[in-house]
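Here are the chains, one letter per residue:
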Amino acid sequence: MYRSFRVLLQVLWAQLLWGWVLGSELTFELPDNAKQCFYEDIIVGTKCTLEFQVVTGGHYDVDCRLEDPEGNTLYKEMKKQYDSFTFTASKNGTYKFCFSNEFSTFTHKTVYFDFQVGDDPPLFPNENRVTALTQMESACVSIHEALKSVIDYQTHFRLREAQGRSRAEDLNTRVAFWSIGEAIILLVVSISQVVLLRSFFSDRKTTTTRVGS
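Note that the structure is a prediction, hence the values are computed from the model and not measured.

### Section: the overall build of the chain
Counting its secondary structure elements, the chain contains 2 helices and 8 strands. Reading the helices (α) and strands (β) of the chain from amino to carboxyl end gives α-β-β-β-β-β-β-β-β-α. Among the 213 residues that make up the chain, the fraction classed as buried is 30%.

### Re the packing of aromatic side chains
What characterises a pair of aromatic rings is the spacing of the ring centres plus the angle enclosed by the ring planes. By the definition in use, this model includes 16 aromatic pairs. Through successive ring pairs, a cluster of aromatic residues spans Phe-28, Phe-38, Phe-52, Tyr-75, Phe-85, Phe-87, Tyr-95, Phe-97, Phe-99, Phe-113 and Phe-115.

### Here we look at helix α2 (residues 135–201)
Here α2 is 67 residues long and its end C-alpha atoms lie 97 Å apart, about the 99 Å a rise of 1.5 Å per residue gives. Along α2, the residues classified as buried are Glu-137, Cys-140, His-144, Lys-148, Thr-155, Leu-159, Ala-162, Gln-163 and Ser-166.

### Here we look at the nonpolar core
Ranked by size, the top nonpolar core spans 23 residues in total, and within it Ile-42, Phe-97, Phe-99, Phe-113 and Phe-115 carry the most contacts. Listing elements by their share of this core, those giving two or more residues are β1 (23–30), β2 (35–42), β3 (47–56), β4 (62–67), β7 (93–100) and β8 (109–117). Ignoring sequence-local partners within four residues, the contact set of Phe-113 consists of Ser-24, Glu-25, Leu-26, Phe-28, Phe-38, Glu-51, Phe-52, Phe-97 and Phe-99.

### Topic: the side chain of Glu-67
Along the polypeptide, Glu-67 turns up in strand β4. Excluding residues within four positions of it along the chain, Glu-67 makes contact with Asn-72, Thr-73, Leu-74, Tyr-95 and Lys-96.

### What to know about a nonpolar patch on the surface
A cluster of nonpolar side chains, namely Phe-177, Ile-180, Ile-184 and Val-188, defines an oily patch on the protein surface of about 420 Å² accessible area. Along the chain, the position of Phe-177 falls in helix α2. What makes Phe-177 exposed here is its relative accessible area of 60%.

Criteria and cut-off values
- Residues numbered from 1 in each chain as written.
- Predicted model: local features only at pLDDT ≥ 70, side-chain atom pairs only at ≥ 80, totals over all residues.
- Heavy atoms only, no water.
- Helix = DSSP H or I, 4+ residues; strand = E, 2+ residues; numbered from the N terminus.
- Buried < 20%, exposed > 50% of the residue type's maximum accessible area, 1.4 Å probe, protein only.
- Phe/Tyr/Trp six-rings, centres within 6.5 Å; stacked < 30°, edge-to-face > 60°.
- Expected span 1.5 Å × (residues − 1).
- Core = buried A, V, L, I, M, F, W, Y, C linked by side-chain atoms within 4.5 Å.
- Contact = heavy atoms within 4.5 Å.
- Patch = residues over 30% accessible without salt bridge, like charges linked within 9 Å, V, L, I, M, F, W, Y side chains within 5 Å.
- Areas by Shrake-Rupley, 256 points an atom, 1.4 Å probe, with all protein chains shown as cover.
- Salt bridge = Lys/Arg side-chain N within 4 Å of Asp/Glu carboxyl O.

So, to be careful, I would describe these as geometric facts and stop short of saying anything about function.
Put into structure tokens, the structure is as follows:
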């Protein structure tokens, strides 16, 4: 019983570590003609993954650039809607990745990114891996992997939901403006027709001139 409880605590602790130490996840507003940079300290040999997606705004595209501590470009893409890039740090230091909306003159964007640094912490760091996993440990590993998949799917569907809501609101705004424009045009045409018809049937005064003898 005590061993099962300890295994459960290890799973919960590993899940917390997985959410805390593996990098950054953020959704932020990127105004038009603006550039936003983020920084991460990485140790040499660490495997990292940068994933981003434009949630709302314009054509759903943004420029992205990733540089190492010496300013060398590791990744550069222009007007991308979404992408993922994996690399292994070759130097110790602060890595910089930037998102740019400088090509847009009036449309701001909402950008989501997930920057993962390193691998998952071991689920059982104090266990001897020479021996095979027990049934409880195997079940815990399966639960741990399933929870990670659930988190990934939740993030994906939240982004899709936000993007779909933005498209729906934009379409609703366009339909509303189009309806208002049609109503104004219909009102102007109706008034013009009434005025034109009244001009046809209005009484005109006729004047007669008598010529005296």
